[in-house]
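The primary structure of each chain is shown beneath.
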Amino acid sequence: MFKKAHLNFFLISIGVLFYVLAGISFFFHTFLSEKEKSDRDFVLVSMLENVSDIHGPKSFIVYLKNDEPLKMDFDASFYTSEEILNILSSIKEKGLIPQEDIISSRIGHLHYKIKYNISYDTYFIAGVNREVEASIIQYSLVLLLIIETAVFAALSTVLWYSSKWVVRPLELSNARQKRFISDASHELKTPLTIISTSAEVLKNDLDNNKWILTIQDQVQHLSNLINQLLALSIIDEKYELVSTEEFDFSSFLNLAILPYESLAFEKGISFEIKIEPKIKLNGNKEALKQLIGIFMDNALKYCSENGTIQVHLEKNKRIKLTFYNTGSDIPDDNKEILFERFYRSDESRNSERKGFGLGLSIASRLCELYNYQIKPESKYNEFTSFTIFLTEQK
């Protein structure tokens, strides 16, 4: 349980870290791209508006009329006249549309803007090569990603060990709680055995005195509670060390529920079985037997008078085991706490049904250990069903 909590805390932490670092990269990339675009537009618009006769490096401006250049001004250290003419040919292939708005476009790393002067029927084409600036942005992003990868690796290591530190107090507290329950349960067994033995002797002497019978009943009640508390305290260690095996689960289920059929008959409850034959399952028999017993006990305890209990087993994509009984003491707003320890509905608490509300908690823990899924369904005063989706153990 705590290994899973440790792993979940670690995964959530690195997930948050990943999104933070990704956000930084996105912001940095957006900032550099927008700044580069702003600088580039300023250079191109300045040339089109003739703000200055001094143009930036790797830039050019051409006055074009009737598809012929009237004037070409360019950075001679970067361009030749032939290259400018080739660029103009490429621009004209993309199409020149006479309109008042400034048109922006690009050819590779060459960015240009076109302005049309309707009075002179002339195109002003300003361009600049931004290959170096694009390379700087790309290099900066690669450098940032390298730094972020190193930071991510370092912080992931820190988070892995810190998550152990965060979970450790809970793990120690849980271990102390288990040890207390185990020690207290074992300590209580001895006096309960003495009381039970003494009550049995008094019963023989006093000829089934009702007070003695009450003492025996309550001793048995407490013994059951102690056994369930012990089952909860050792369930992790008990089953994680037991190996699994493949077996015929259909036959196993038939044998496991057989004793409950006679119990149902004695209580006037209809018992319906629908088990698909020859379903194989790789699992732990002891855990599955305990799981089946819990849900069958629950169905018998809370089934309505002269009601029906159904046990269904089928396999499609997954093995599905369903326990159904008519009658329900579970209010609709209590389904979220159904598997909490010592949960019992108010009606059941006032009824004659005996129990501690630990059975479903044990069942939930078993399913968690073996990666099974429980799906409870109920309608108050009508029915209750528990569907278990069984997963193959590897």
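For clarity, every value in this text was computed on a predicted model and none was experimentally measured. (Residues numbered from 1 in each chain as written. Predicted model: local features only at pLDDT ≥ 70, side-chain atom pairs only at ≥ 80, totals over all residues. Heavy atoms only, no water.)

Enquirer: How should I be thinking about the packing of aromatic side chains in this particular structure?
Expert: By convention here, two paired aromatic rings are described through the distance between centres and the angle between planes. For the structure shown, the criterion picks out 14 aromatic pairs. Between F247 and F249 the ring centres are 6.2 Å apart and the planes differ by 65°, which places this aromatic pair in the edge-to-face class. By the ring-pair criterion, three or more aromatic residues cluster together here, those being F60, F78 and Y79. Seen from the ring of F247, K285 lies directly overhead, with NZ or CZ sitting 5.2 Å from the centre. (Phe/Tyr/Trp six-rings, centres within 6.5 Å; stacked < 30°, edge-to-face > 60°. Lys NZ or Arg CZ within 6 Å of the ring centre and 35° of its normal.)

Enquirer: How do you make sense of the sheet that holds strand β3 (residues 103-107) when you look at a structure like this?
Expert: By way of backbone hydrogen bonds, the strands of a sheet pair with one another, either parallel or antiparallel. The strand order across the open sheet formed by five strands is β2-β1-β5-β4-β3, and the pairing between neighbours is antiparallel. Each edge of the sheet is formed by a strand with only one pairing partner; in this case those strands are β2 (68-74) and β3. The mean angle between the axes of side-by-side strands here comes to 20°, regardless of whether they run parallel or antiparallel. For strand β1 (residues 59-65) and strand β5 (residues 122-129), the ladder comprises six bridges, and the chain directions are antiparallel. What sits directly across from I61, in β5, is A126. Sheet strands in contact with helix α2 (residues 81-94) are β1, β2, β3, β4 (110-117) and β5, and its direction is about 125° off that of β2. (Pairing = 2+ DSSP bridges. Helix = DSSP H or I, 4+ residues; strand = E, 2+ residues; numbered from the N terminus. Axes fitted to C-alpha atoms, helices over the stretch in contact; angles between N-to-C directions. Contact = heavy atoms within 4.5 Å.)

Enquirer: Explain the packing of helix α6 (residues 285-302) against helix α8 (residues 359-369) to me, please; I cannot follow it from the model alone.
Expert: Packed helices, taken two at a time, are described by the angle their axes make and the gap between the axes. It is the contact of α6 with α8, at a shortest axis distance of 10 Å, that shows an interaxial angle of 145°. Considering only the axes of α6 and α8, their crossing is left-handed. Along its contact with α6, which presents A287, Q290, L291, I294, F295 and N298, the element α8 presents G359, L360, I362, A363, L366 and C367. Considering only residue class, the contact of α6 with α8 consists of nine nonpolar, three polar and no charged. (Left-handed = near helix turned anticlockwise from the far one by under 90°. Nonpolar A, V, L, I, M, F, W, Y, C, P; charged D, E, K, R; others polar.)

Enquirer: Any chance you could explain the side chain of K113 here in plain terms?
Expert: Within the secondary structure, K113 sits in strand β4. In this structure K113 comes out as buried when scored by relative accessible area, which is 8%. Side-chain polar atoms of K113 contact the side chain of D41, separated by 3.5 Å. Apart from residues lying up to four places away in sequence, K113 is in contact with D41, L44, V45, L48, I102, I103, S104, F124, I125 and A126. (Buried < 20%, exposed > 50% of the residue type's maximum accessible area, 1.4 Å probe, protein only. Polar contact = N/O pair within 3.5 Å; in protein donor to acceptor, adjacent residues only side chain to side chain.)

Enquirer: Explanation requested: helix α5 (residues 249-266) in the structure shown.
Expert: In an α-helix there are 3.6 residues to a turn, and that puts residues three or four apart on one side. Spanning 18 residues, α5 covers 27 Å between terminal C-alpha atoms, matching the ideal 26 Å at 1.5 Å per step. Of all the bends in α5, the largest measures some 40° and sits at L258, one to four residues before the proline P259. Turning to α5, its buried residues are F249, S250, F252, L253, A256, I257, Y260 and A264. For α5, the capping residue at the N-terminal end is D248, with a side-chain oxygen 3.1 Å from the backbone nitrogen of S250. G268 sits one or two positions beyond α5 and adopts a positive phi of about 75°. (Expected span 1.5 Å × (residues − 1). Bend = angle between axes of the 7 residues up to and from the residue.)

Enquirer: What is the right way to look at the sheet that holds strand β9 (residues 308-315) in this model?
Expert: In spatial order, the strands read β7-β9-β10-β12-β11; together these five strands make up an open sheet with mixed pairing. Of all strands in the sheet, those with a lone pairing partner are β7 (270-275) and β11 (373-379), marking the two edges. With direction set aside, neighbouring strand axes in the sheet form an average angle of 10°. As paired strands, β11 and strand β12 (residues 383-390) are joined by seven bridges and run antiparallel to one another. When the sheet's bridge partners are listed, K375 is paired in β12 with T387.

Enquirer: So what exactly am I meant to see when it comes to the nonpolar core here?
Expert: Grouped burial of nonpolar side chains is what soluble globular proteins tend to show. Counting 39 residues, the largest nonpolar core has F249, I292, M296, L321 and I388 as its most contacted members. Secondary-structure elements contributing two or more residues to this core are α5, β7, α6, β9, β10 (319-326), α8 and β12. Core analysis: the next-biggest nonpolar cluster, separate from the first, contains 15 residues, Y79, I84, L96 and I114 among them. (Core = buried A, V, L, I, M, F, W, Y, C linked by side-chain atoms within 4.5 Å.)

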